[in-house]
Amino acid sequence: MNFVETAAESRQTPVHLPFSFTGRASEYFGIWIVNLFLSIITLGIYTAWAKVRRLRYFYGNSWLDGHNFEYHARPTRILIGRIIVVAFLLAYNVLISVSPFFGLLIIPYLIAFPWLLNKSMAFNARMTSYRNVRLNFRGTYWGAFFAFVIMPVVALVSAGLLAPVASKLARNYLGRHLGYGSTRFETQAPLTALYANLGVTVIFIGLVLVVFVGGGFLIGFGIVSAENTLRLGQDELFDVFNYGSMAGILTGASIGAYIALALAYLFYESGVRNIAYNHTVLDGQHRFNSRVGRLRYVWILVSNLFATILTLGLLRPWAAVRSWRYLVVSTGVFAVGPLDDFVDEAAPEGNVGAAEFFDIEGIDFGL
């Protein structure tokens, strides 16, 4: 009897299973350079095949409990979706250039946005599998409309005070409508933790604003002072605060403020990711966890950007592997029992055009 109780108890003890990534920048560089070359000589047609090769490499080298993930999208379908999206975007921009009146087309876009979101999430989920079981996504129009159209506007109008509420609704929506085979995920991000994350972000942005806005102001002032010194002479330096001078200084400060806000957004979102993952459960028992360091993640992204620019893009593969690896190894699962008893099921496949629209626009709503 004691042996049976001990065995039953051991099966219920959560075991931490970390994600791992086995890809290397040197390996991915070969894939990346071939993708780049073929995309150029085919005038962009090969980008669909390039995307599939890239994601199959990153998914295939992401592991959990001895099994890797797989990406199943077909390049021809992605190409068709991209052609449709590019044609739509070109037509929209042509219409805008003809008359600002066509800017009102943003209203139909906002109305269609929840549908696009759900179809995109469904497609990306169905193209992803683990242990031969595919993910799925079943969203609702009005749920997506409220979480991703109404609440972002409300958060903006509130000057960011309701941003944690918007983050909670968005992450909970994505989590509760995502499935793995016949089982469901559930995300319940606590509002208190999200507001604590906002508080830390406010402190962070204050420090960054001092550095970047102050630095931008000083750089702008230095440039203006140098120009006027050359033009007027040292004795007339302090008589140069005309409109043009102030415009140059304010431009430097504005650029600094923009950089500070961008860094604060990355800082805030990495905290939201941790909170959402730490409160996501699969099948009511397998709990996820995330321990992304907010400052470290911001540093990785910023240094990746500078490395890519300074090397004229040659370090882009290294940057991509570096950021992907960090997010993967910062994630884990507290599993209660084995992860090999899930059953696949048929599910809506989504819309490749919607997925490519978000991809081309650089919009990512992954949990």
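Our structure's up above, just so we're on the same page.
Here the residue numbers are simple positions, counted from 1 along each chain's written sequence. Reporting in this predicted model follows two pLDDT cut-offs: at least 70 for local features of residues, and 80 or more for side-chain atom pairs to be given and counted; totals over whole chains, interfaces and linings ignore these cut-offs and use all residues. Excluding hydrogens and water, the side-chain values take into account all heavy atoms of the structure.

(A) Structural view of the pairing of strand E10 (residues 331-335). With a 1.4 Å probe rolled over the protein chains alone, any residue whose accessible area is under 20% of its type maximum counts as buried; one over 50% counts as exposed, and the rest are partly exposed. By definition, any uninterrupted DSSP run of H or I lasting at least four residues is a helix, any uninterrupted run of E lasting at least two residues is a strand, and each is numbered from the N terminus. Of all five residues in E10, four are buried, a share of seventy percent or more. By definition, two strands form a pair when at least two bridges between them are found by DSSP. Bridge analysis of strand E1 (residues 15-21) against E10 gives four bridges, and the strand direction is antiparallel. Its bridge partner lying in E10, Val15 is registered against Ala335. Pairing between strand E9 (residues 286-290) and E10: four bridges, direction antiparallel. In the strand pairing of E10, Phe288 is matched with Val333.

(B) Spatial organisation of the packing of helix H10 (residues 294-310) against helix H11 (residues 316-329). Simply put, an axis is a line fit to the C-alpha atoms, just over the touching stretch for a helix, and the angle between two N-to-C directions goes from 0 to 180 degrees. Taken N-terminus to C-terminus, the directions of H10 and H11 make an angle of 170°; their axes are 9 Å apart at the nearest point. The angle between the axes of H10 and H11 places the two elements in the roughly antiparallel class. Contact with H10, carried on its side by Arg296, Tyr297, Trp299, Ile300, Leu301, Ser303, Asn304, Ala307 and Thr308, involves Arg316, Trp318, Ala319, Arg322, Ser323, Tyr326 and Leu327 of H11 and no other residues of that element. Convention used here: angles under 35 degrees read as roughly parallel, angles over 145 as roughly antiparallel, angles from 65 to 115 as roughly perpendicular, and any remaining angle as oblique. Working rule for contacts: check all heavy atoms of both residues, and any pair within 4.5 Å makes them a contact.

(C) Representation of the sheet that holds strand E2 (residues 62-64) in the model. Strand order in this closed barrel of ten strands is E1-E2-E3-E4-E5-E6-E7-E8-E9-E10, and the pairing throughout is antiparallel. Mean inter-strand twist for the sheet, computed between neighbouring axes without regard to direction, equals 30°. Sheet topology note: the E1/E2 ladder contains three bridges and is antiparallel. In the sheet register, Ser20 faces E2, and the bridge partner there is Trp63. Of the strands in this sheet, strand E3 (67-71), strand E4 (128-130), strand E5 (133-137) and strand E6 (178-180) are in contact with helix H5 (residues 106-126), which crosses E5 at around 175°.

(D) Representation of the environment of Ala276. Mapped onto the fold, Ala276 is located in helix H9 (residues 243-278). Note: C-alpha distance between Ala276 and Ala170 (106 residues apart in sequence) is 9.9 Å.

(E) The arrangement of helix H2 (residues 25-41) in detail. Here the expected span of a helix is defined as 1.5 Å times the quantity of residues minus one. With 17 residues, H2 should reach 24 Å at 1.5 Å per residue; the first-to-last C-alpha distance of 24 Å fits that figure. Among the residues of H2, those classed as buried are Tyr28, Ile31, Trp32, Asn35 and Ser39. Mapping the buried residues of H2 onto a view down its axis gives an arc of 100°, with all of them on the same face. Exposed and oriented more than 90 degrees from the buried face of H2 are Ser26, Phe37 and Ile40. Summarising the contacts, the buried residues of H2 are in contact with helix H3 (47-60) and H11. Once H2 ends, the next one or two residues include Leu43, with phi positive near 55°. Throughout, the arc means the angular range of directions from the helix axis out to the C-beta atoms.

(F) Quick peek at the packing of aromatic side chains. Under the pairing criterion, centres of Phe, Tyr and Trp rings, with the six-membered ring standing for Trp, must be within 6.5 Å; the plane angle then separates stacked pairs below 30 degrees from edge-to-face pairs above 60, leaving the rest tilted. Following the criterion strictly, the structure yields 20 aromatic pairs and no others. Here the aromatic rings of Tyr28 and Tyr57 are separated by 5.7 Å at their centres, their planes lie at 20°, and the arrangement is stacked. You can see Tyr28 sitting in helix H2 and its partner Tyr57 sitting in helix H3, a full 29 residues away along the chain. Considered together, Tyr28 and Tyr57 belong to a single accessibility category, that of buried residues. Geometrically, the ring pair formed by Tyr297 and Tyr326 is stacked, given 6.3 Å between the ring centres and 15° between the ring planes. Placement of the pair is Tyr297 in helix H10 and Tyr326 in helix H11, with a sequence separation of 29 residues. Across the pair, exposure class does not vary: Tyr297 and Tyr326 are buried alike. Feature note: the residues Phe21, Tyr28, Tyr57, Phe58, Tyr59, Tyr71 and Trp324 constitute an aromatic cluster, connected by ring pairs.

(G) Representation of the side chain of Ser167 in the model. Tracing the backbone shows Ser167 in helix H7 (residues 163-176). Beyond its immediate sequence surroundings of up to four residues, Ser167 is in contact with Leu194, Tyr268 and Val272.

(H) Representation of a nonpolar patch on the surface. Nonpolar side chains (Val, Leu, Ile, Met, Phe, Trp, Tyr) within 5 Å and like charges within 9 Å form the patches, drawn only from residues with over 30% relative accessible area and no salt bridge. Only the protein chains shown count as cover for residues, with accessible areas throughout obtained via the Shrake-Rupley method and a probe of 1.4 Å. We count a salt bridge whenever a side-chain nitrogen from Lys or Arg sits within 4 Å of a carboxyl oxygen from Asp or Glu. On the surface, a nonpolar cluster with roughly 710 Å² of combined accessible area is contributed by Phe29, Ile33, Val34, Leu36, Phe37, Ile40, Ile41 and Leu314. Note that Val34 resides in helix H2. The class of Val34 is partly exposed, set by a relative accessible area of 35%.

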